Amino acid sequence: MEQRRSIGQLAGAAVDPTQPAVVVDRVTETFRLFHERPSGLKERLYRLRRASYTDFNALEDVSFTIEHGESVAVIGPNGSGKSTLLKLLARILPPDQGTVLTNGRVASLLELGAGFHGDLTGRENIRLNGAILGLSGAEIAERFDEIVAFAGVEHLLDTAVRTYSSGLEVRLGFAVAVMVDPDILLVDEVLAVGDAEFQERSLERMRTFRDDGKTFVLVSHDLEAVREMCDRAIVLDRGRVLFDGPVSEGVELYKQRVVSSSAPRVDRRRGTRRVTIDDVQLLSSDGELASEVAPSSHLVLRVRLRALTEVEVCSVGVVVSRGDGTHLYELHTTWQGVGVGPLQPNQEAVVEVRFTAHLLAGHYAIACSVTDASGRETWAVVAEAARFAVQPAPGGAGLVDLSASAVVADGPVRRTGDGKAGPIPLPRLQRRQARG
Amino acid sequence: MSDVAAVLGGSGVTARPGGVDADLVPGGSRLATLRASNKLVELWRARELLAQLVRKELKVRYRNSALGFLWSMLTPVLMTAVFSVVFTQIVRIPVDDFPAFFIAGYLVWQFLQNSCQGAIHSIVGNGELIKKVYFPREVLPLSHVFSQLIHLLLALLVLSPYLIYSRGFGVLLHLPTTLLAIALLTVFASGIAMWFAGVNVIFRDLQELFVVIFQVWFYATPVLYPLALVSAQMGERFAWIAQLIAFNPATWFVELARLGLYGSVTAADDGGALLVDGPPAWPALGSVGVALVWAVVMFVVGYSVFLRRARTFAKEV
């Protein structure tokens, strides 16, 4: 590959394929929160006592490695340190402790159109913004037409950017940013800009980027986008790595974390994996494996688990969600006063959760976890333990089978059809989920 | 430490899961040298950004004015007119062609002052950008220095017919002296600009103080008067003032530039207040040396203060 210049990474600009793309090693980032920040000489002189402040660790002892070509999502609740982490990778912030190494040219889409100047024309701003993002003059010239076409601003090139609509400005910003052609792309929650068509093009661009084998780090709350774009997830919580592994597990864990306010903690590297889930089966009432069922079927989820160490008591959790990730139902056995244990190392246990799937046509997934009795520590997670589809059936449309029945309470009745009308056309919502 | 490692990424530091080999990180002074040279390489690679920022400065300033660049000539020309009346008709400063004498020094002084004045806000004013994108932060103050440099060169071009008319063709012949002075002053101004811009992030009222500092500095620099006059006028009691002015680094750049643009001004042998004006001349090696030392020292000090501060700009702006 042609070696490109970079203002950010210089000595490391050429990709060394024998090394990982990103190494974050025991990084801690501290912010000093001043209760009243002294901002000038005068204040410093007046104020003999030291300014009061508290130190706040946005990231605490964070370590991970990203190989070339990996697409990694960083997810976590607000304030968990996601953006700080991205800023460290982008070299905007230096780590206070620990080491951050990046191998290859890094571009960050932390904010689109940062550095646009309203008084300059679109043309001038493309050059300026490109230079800010580290492109050389020749590179900008070479990609200029592509940028203009991508943003769709041909007719406004020589107009001052302050007259652009905010949507147009963001589009131009995105167009410049994605032309940087980095080895490592950092994206912070910018997928949700512009109109639907532009969003689709943006996603397409990122897919291409990912499929070209480039390294990709995405911070987003859009779990569907995360699931689609990334293979691996790093879940952050209050500055610490809660989970690092396959994206579906990470997303599942994050959802659990958000839904149940108690924080299940999984830290594989610390060996808190005290239980393993060996097998999960979804069975119909007659004991057959169930994959496609009628609305409101009786189902049994059979979870076979095995203790890795001695376990006093544990709780099995089940989360049923729709194909698009919407949580429908969650149960932890201890909520019903049922705990598993005590278990000796390697001792097995089988837990059955019986339920009626009051659901209408669509695709559904079940996630399983094993936690301590309080649900605070997660010992094992299987993100997609089972999948099942509910067949379309007459009688209702939507998400939940309310088993409604209709009568004419007062007035003449006329039967329509033979009472067994064909399947009701799938509503829009369900058609979408039927896809995935 | 760690961003050094990042900069050195391809050149010796081995990254692997679990950490960096501590023994592969070069130690102490070698690290500092590598870091400094890497920073300079990085700055060189960012020249496109610097050029774009300079263009932005120039364009934004003159976009909406019909007279454009000519506006920037208004201040020096007006100042020259006023000071010429005051210092030739009311108080006499004994030099030939006072307007030429003044403008030669004033343009150079103005370059220094305006560079620093623009640069001091450059980090605080671009806070949003600094929080969102990585680029070598020093391009922000430097862009002000270089856009002012272009102003200076254009102004000299516009005024050169006048200087040639009043001081002869020696002005053209001694262009190298002028350019050398401007080059050294650019290095010096870059150092100060980075220093002030970096420190202004923690002391936000520095910019108020700045106006006063430059007012005093202006009068402590031989712009209105020749240096030779100071030593001639000051008796034993005020000899320290002459020493102070000689210690002032700006003195050396202004004197050097004026030697090329206007000519020499020396005290007459009898030690009185009489001055002898000469045409543009070549500078003494010693005075070039002093200017060179000041330029390098200020650049190194300003740049290192700036780099040390720059690490945490994103948290502070």
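Basis of the calculations
Residues numbered from 1 in each chain as written. Chains lettered and ligands numbered in written order. Predicted model: local features only at pLDDT ≥ 70, side-chain atom pairs only at ≥ 80, totals over all residues. Helix = DSSP H or I, 4+ residues; strand = E, 2+ residues; numbered from the N terminus. Buried ≥ 20, exposed ≤ 12 C-beta atoms within 10 Å, placed from the backbone. Contact = placed C-beta atoms within 7 Å. Core = buried A, V, L, I, M, F, W, Y, C linked by C-beta atoms within 7 Å. Pairing = 2+ DSSP bridges. Axes fitted to C-alpha atoms, helices over the stretch in contact; angles between N-to-C directions. pLDDT = per-residue confidence, 0-100. Expected span 1.5 Å × (residues − 1). Parallel < 35°, antiparallel > 145°, perpendicular 65-115°, else oblique. Left-handed = near helix turned anticlockwise from the far one by under 90°. Nonpolar A, V, L, I, M, F, W, Y, C, P; charged D, E, K, R; others polar.

1. Observations regarding the overall build of chain B
At step 1: When its secondary structure is counted, chain B shows 16 helices and four strands.
At step 2: Considering chain B as a whole, with its 317 residues, one finds that 40% of them fall into the buried category.
At step 3: Across chain B, contacts joining residues at least 24 apart in sequence account for 78% of those joining residues at least 6 apart.

2. Overview of the overall build of chain A
At step 1: On a plain count of helices and strands, chain A comes out with nine helices and 17 strands.
At step 2: The proportion of buried residues among the 436 residues of chain A is 43%.
At step 3: For chain A, the share of sequence-separated contacts (at least 6 apart) that also reach a separation of at least 24 residues comes to 73%.

3. Some thoughts on the nonpolar core
At step 1: Grouped together as the largest cluster of nonpolar side chains are 190 residues, with contacts concentrated most on Ile 366 of chain A together with Phe 253 of chain B.
At step 2: With 15 residues, the single largest contributor to this core is helix 5 (residues 98-120) of chain B.
At step 3: Leave out the neighbours within four places in its chain, and Ile 366 of chain A touches Leu 282, Leu 301, Val 318, Val 319, Val 320, Ala 385 and Ala 386 of chain A.

4. Observations regarding the environment of Val 178 of chain A
At step 1: For Val 178 of chain A, the position within the fold is in helix 5 (residues 166-178).
At step 2: Along the primary structure Val 178 of chain A and Arg 205 of chain A are separated by 27 residues, whereas in three dimensions their C-alpha atoms are 7.8 Å apart.

5. What to know about the sheet that holds strand 3 (residues 71-75) of chain A
All names here are of chain A.
At step 1: Strand order in the open sheet formed by six strands is 5-6-7-3-8-9, with mixed pairing between adjacent strands. Two strands lie at the open edges of the sheet, namely strand 5 (106-109) and strand 9 (240-246), each paired on one side alone. For this sheet, the mean angle separating the axes of adjacent strands, direction not counted, is 15°.
At step 2: Where strand 8 (residues 232-237) and strand 9 come together, six bridges link them in antiparallel fashion. When the sheet's bridge partners are listed, Ile 234 is paired in strand 9 with Asp 244.
At step 3: Against the sheet, helix 2 (residues 82-89) contacts strand 3, strand 5, strand 6 (184-188), strand 7 (215-219) and strand 8, and its axis sits at roughly 150° relative to strand 7.

6. Concerning unusual backbone geometry
At step 1: The omega torsion across Gly 341 of chain A and Pro 342 of chain A is 0°, close enough to zero to call that bond cis.
At step 2: Counting through the fold element by element, Pro 342 of chain A comes out in the loop between strand 14 (327-332) and strand 15 (348-357).
At step 3: With phi around 60°, Ser 296 of chain A is a residue other than glycine that occupies positive phi space.
At step 4: On the secondary structure map, Ser 296 of chain A appears in the loop between strand 11 (292-293) and strand 12 (297-307).
At step 5: For Ser 296 of chain A, a count of 18 C-beta atoms within 10 Å corresponds to the partly exposed category.
At step 6: Positive phi outside glycine occurs at Asp 97 of chain B, with the angle close to 50°.

7. Regarding the environment of Gln 243 of chain B
At step 1: Relative to the assigned elements, Gln 243 of chain B resides in helix 13 (residues 239-247).
At step 2: Sequence separation of Gln 243 of chain B and Val 230 of chain B is 13 residues, and the distance between their C-alpha atoms is 9.6 Å.

8. What about the sheet that holds strand 13 (residues 315-322) of chain A?
Where strands meet in a sheet, backbone hydrogen bonds hold them as pairs that are either parallel or antiparallel.
All names here are of chain A.
At step 1: Here five strands make up an open sheet; going across it, the order is 11-17-16-13-14 and the pairing mixed. Only two strands of the sheet have a single neighbouring strand rather than two, namely strand 11 and strand 14.
At step 2: As paired strands, strand 13 and strand 14 are joined by five bridges and run antiparallel to one another. Bridge pairing links Ser 321 to His 327 in strand 14.

9. Quick look at the confidence of the model for chain B
All names here are of chain B.
At step 1: Per-residue confidence for chain B averages 83 on the pLDDT scale, and 86% of its residues sit at or above 70.
At step 2: Across chain B, the secondary-structure element scoring lowest on mean pLDDT is strand 1 (residues 15-16), at 32, and the one scoring highest is helix 10 (residues 175-200), at 95.
At step 3: Across residues 1-28 the pLDDT falls below 50, and counting only partners more than four positions away or on other chains, this stretch makes 59 contacts in the model.
At step 4: The ipTM for the predicted assembly is 0.75, set against a pTM of 0.68.

10. Side note on helix 10 of chain B
At step 1: Between its terminal C-alpha atoms helix 10 of chain B stretches 36 Å, which fits the 38 Å expected from 26 residues at 1.5 Å a residue.
At step 2: Of all 26 residues that make up helix 10 of chain B, 19 are buried, and the element is covered over most of its length.

11. Section: the packing of helix 14 (residues 249-261) of chain B against helix 15 (residues 285-310) of chain B
All names here are of chain B.
At step 1: The N-to-C vectors of helix 14 and helix 15 enclose an angle of 130°; their axes lie 9 Å apart at closest approach. Considering the angle they form, helix 14 stands oblique to helix 15. For the element pair helix 14 and helix 15, the recorded crossing hand is left-handed. Taken together, the residues of helix 15 that come into contact with helix 14 (itself represented by Pro 249, Trp 252, Phe 253, Glu 255 and Leu 256) are Ser 287, Val 288, Val 290, Ala 291, Trp 294 and Met 298.
At step 2: Per-class residue counts for the contact of helix 14 with helix 15 are nine nonpolar, one polar and one charged.

12. Focus: the packing of helix 5 of chain B against helix 10 of chain B
All names here are of chain B.
At step 1: Viewed as axis vectors pointing N to C, helix 5 and helix 10 meet at an angle of 25°, and their least axial separation amounts to 8 Å. In terms of axis orientation, helix 5 runs roughly parallel to helix 10. Along this stretch, helix 5 crosses helix 10, giving a crossing that reads as right-handed. Along its contact with helix 5, which presents Val 108, Phe 111, Leu 112, Ser 115, Cys 116, Ala 119 and Ile 120, the element helix 10 presents Leu 185, Ala 189, Ile 192, Ala 193, Phe 196, Ala 197 and Asn 200.
At step 2: Split by residue class, the contact of helix 5 with helix 10 holds twelve nonpolar, two polar and no charged.

13. Some points on the confidence of the model for chain A
Residue and element names in this part refer to chain A.
At step 1: The predicted model of chain A has a mean per-residue pLDDT of 79, with 81% of residues at 70 or higher.
At step 2: Ranking the helices and strands of chain A by mean pLDDT puts strand 3 first, with 92, and helix 9 (residues 428-435) last, with 42.
At step 3: Under a pLDDT of 50 for its full length, residues 259-271 has, in the predicted model, 31 contacts with residues more than four places off or in other chains.
At step 4: Across residues 421-436, confidence stays below pLDDT 50; counting only partners more than four residues off in sequence or on other chains, it has 22 contacts.

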